[in-house]
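Summary of structural features
Residue strings, one per chain:
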2 protein chains.
Amino acid sequence: MTSRLLLEYDGTRFAGWARQPGQRTVQEAVEHALRTILREDDLTLTVAGRTDAGVHAWGQVCSYEHEAVDPLRLNALLPGDVAVLDCNPAPAGFDARRDALSRTYCYRVLHRRARSVWLAQRAHWYGWELDHEALSACARALAGTHDFRAFTPSETHHTRFERDVHAAEWRMDGDLLEFWITADSFMRHMNRVLVGTMLEVAGARRSLEDFVALLDGRPRADAAATAPPYGLALAAVAYAAEGSTIEGWTACDEGAADQ
Amino acid sequence: MTSRLLLEYDGTRFAGWARQPGQRTVQEAVEHALRTILREDDLTLTVAGRTDAGVHAWGQVCSYEHEAVDPLRLNALLPGDVAVLDCNPAPAGFDARRDALSRTYCYRVLHRRARSVWLAQRAHWYGWELDHEALSACARALAGTHDFRAFTPSETHHTRFERDVHAAEWRMDGDLLEFWITADSFMRHMNRVLVGTMLEVAGARRSLEDFVALLDGRPRADAAATAPPYGLALAAVAYAAEGSTIEGWTACDEGAADQ
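None of these values were measured; they are calculated from a predicted model. (Residues numbered from 1 in each chain as written. Chains lettered and ligands numbered in written order. Predicted model: local features only at pLDDT ≥ 70, side-chain atom pairs only at ≥ 80, totals over all residues.)

Counting residues at the interface gives 19 residues for chain A, matched by 19 residues for chain B. Every element with two or more residues in the side of chain A that touches chain B is listed here: strand E1 (2-9), helix H2 (71-77) and strand E4 (82-90) of chain A. Broken down by element, the residue count for the side of chain A that touches chain B peaks at four residues, all from E4(A). (Contact = placed C-beta atoms within 7 Å. Helix = DSSP H or I, 4+ residues; strand = E, 2+ residues; numbered from the N terminus.)

A word on the relation of the copies chain A and chain B. Here the two chain copies are tied together by a rotation about an axis and a shift along that axis. For the pair chain A and chain B, the relating rotation is 180°, the translation along its axis is 0.0 Å, and the fit reaches an RMSD of 0.0 Å. In the structure described here, the two chain copies are related by an operation that fits a two-fold rotation axis. It is A:Trp118 whose C-alpha, among those of chain A, lies nearest the rotation axis, at 5.2 Å. In this assembly the copies share their binding face: 100% of the residues contributing to the interface of chain A also contribute to that of chain B. (Least-squares fit on C-alpha atoms with pLDDT ≥ 70 in both.)

What follows concerns unusual backbone geometry. All names here are of chain A. Despite not being glycine, Gln 121 shows a phi value in the positive range, around 65°. For Gln 121, the location among the structural elements is in the loop between strand E5 (100-110) and strand E6 (124-125). The exposure class assigned to Gln 121 is partly exposed, which follows from the 17 C-beta atoms found within 10 Å. (Buried ≥ 20, exposed ≤ 12 C-beta atoms within 10 Å, placed from the backbone.)

Moving on, we come to helix H4 (residues 190-202) of chain A. Residues and elements named next belong to chain A. If you check H4, its first and last C-alpha atoms are 18 Å apart, about what 13 residues at 1.5 Å a residue would give, namely 18 Å. Of all 13 residues in H4, eleven are buried; the element is thus mostly enclosed. Of all the residues in H4, the buried ones are Met 190, Asn 191, Arg 192, Val 193, Leu 194, Val 195, Thr 197, Met 198, Leu 199, Val 201 and Ala 202. Those residues of H4 that are buried are in contact with E5, helix H3 (132-142), strand E9 (176-183), helix H5 (208-214) and strand E10 (232-239). A positive phi of about 60° marks Ala 204, the residue just after H4. (Expected span 1.5 Å × (residues − 1).)

With that settled, consider the packing of H3(A) against H4(A). Angle between the axes and distance between the axes: these two values describe a pair of packed helices. All names here are of chain A. In the contact formed by H3 and H4, the axes pass within 8 Å of each other and the chain directions differ by 135°. Taken together, the axis directions place H3 and H4 in an arrangement best described as oblique. In this structure, H3 meets H4 at a crossing whose hand is right-handed. Taking contact as the criterion, the partners of Ala 134, Leu 135 and Cys 138 in H3 are, on H4, Met 198, Val 201 and Ala 202. In the contact of H3 with H4, the residues fall into six nonpolar, no polar and no charged. (Axes fitted to C-alpha atoms, helices over the stretch in contact; angles between N-to-C directions. Parallel < 35°, antiparallel > 145°, perpendicular 65-115°, else oblique. Left-handed = near helix turned anticlockwise from the far one by under 90°. Nonpolar A, V, L, I, M, F, W, Y, C, P; charged D, E, K, R; others polar.)

Residues and elements named next belong to chain A. With respect to the helices and strands, the residue Leu 101 is situated in strand E5. Sequence separation between Leu 101 and Tyr 239 is 138 residues; the distance between their C-alpha atoms is 5.3 Å. Setting aside residues up to four positions removed in sequence, Leu 101 forms contacts with Ala 238, Tyr 239 and Ala 240.

What follows is about the domain arrangement of chain A. Residue and element names in this part refer to chain A. One can read the domain layout of chain A as domain 1 (2-98) and domain 2 (105-233). Between domain 1 and domain 2, the C-alpha centre-to-centre distance is 27 Å. Listed as interface residues are nine residues of domain 1 and, on the opposing side, five residues of domain 2. Class assignment for the residues of the side of domain 1 that touches domain 2 results in four nonpolar, four polar and one charged. (Domains from an automatic or database assignment.)

Before going further, it helps to spend a moment on the pairing of strand E4 (residues 82-90) of chain B. Residues and elements named next belong to chain B. Most of E4 sits inside the fold, with seven of its nine residues counted as buried. The pairing of strand E1 (residues 2-9) with E4 spans eight bridges and is classified as antiparallel. Paired with Arg 4 across the two strands is Asn 88, which belongs to E4. (Pairing = 2+ DSSP bridges.)

Structure representation (structure tokens):
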């Protein structure tokens, strides 16, 4: 019996998604709540996007091999910085990681002089000059397939560095700048190094041509510093609607897409 | 020399705006930061809207008799849950409370089954049935001048209970329902009792006619319970643009109106 969870969490006080001994992680918190309710000691979650320490999620998806549980019961056991939005039966063998067609992330930059009470730890507060048009030009250059090895730490388990970017854009609304990107998958730190490097282009400290050249498989040292984790959120995960035999499935997809 | 401050704060951990011995209040925090920078021991803030414990502000305005200070210097001294957005010279004698033409408040209701990580303590989480059309009908009934004594505690210093509501509406965006109201001024708890009572109408536990009758000066006991404080935020305060002789003034007004 396979089930599917839709989750949101504030990453501020978590050491990331993945279980680590002695650390407070999202995986540990959610597995603990599920195990308690299901009285099942060896339940393990498979996740669509492993987020790093401090990174948030508005629409994280995971799967596990056991029956679905009422979200209200799970939320009553979970700490306030993680909540289950949906929990539904999934087709046999559904795997939240392997079956995901794409992930969508959003990186928020608060571009103003005064810090914010409301977006503290939920956006990257940035007070320097930024050329909005340069940000948009960078985003346009990202569409398509590129070799992103410049945007992930050199010490990596990856052997293939190409990723397919389905869509990328900066949305500007007053002093809140949001970088939205959808790709088949992402490597560690990839979005944060992309943002750090785009902010250099927008601040006239790097040329657009240099940014474009980085997309061709340059070494990590050629790109900029990693932007802080708290600006980043996993916004949504997309799955094929076909093959769905269970009613909850589509509702779950729509929930994620709404984020 | 008169100055004007534009502030935002998260009311969760404050015992409200007004100074109280032994309590953590917004007034005490901001006055302490100003006194430290200005080396002035008897500086006192005059505020446009005295908010209760737990109530937030997106665009609070206050005035004081001393020179203006760089917001960055103030924010460096202030705790993370309060921030100064603007601090500008104001016309001599400007009084943030007396000169305010109107205050705008927003009460947010999160209408869904699962609790929210992002809006915890920033919206009233409400899981029961709600008739959106009934909420809108209540808001329409609010426009104009009414006797609001049913919506404030019986133990009160007020002698005049009429208030002029300039605008009131419910804005629905998915599961987030926002009640926006602008009036010349508000009495203690007035918005929260209004919301508590409108939720009863929307839940078919009270008729629209009954709600309308309450606007005619009925006793407090006839209205519903006070909705929780954390759904409420002082969104903006409006002042007359005329009489402005100083450049910062208009910028400040626009800042507040943008909230």
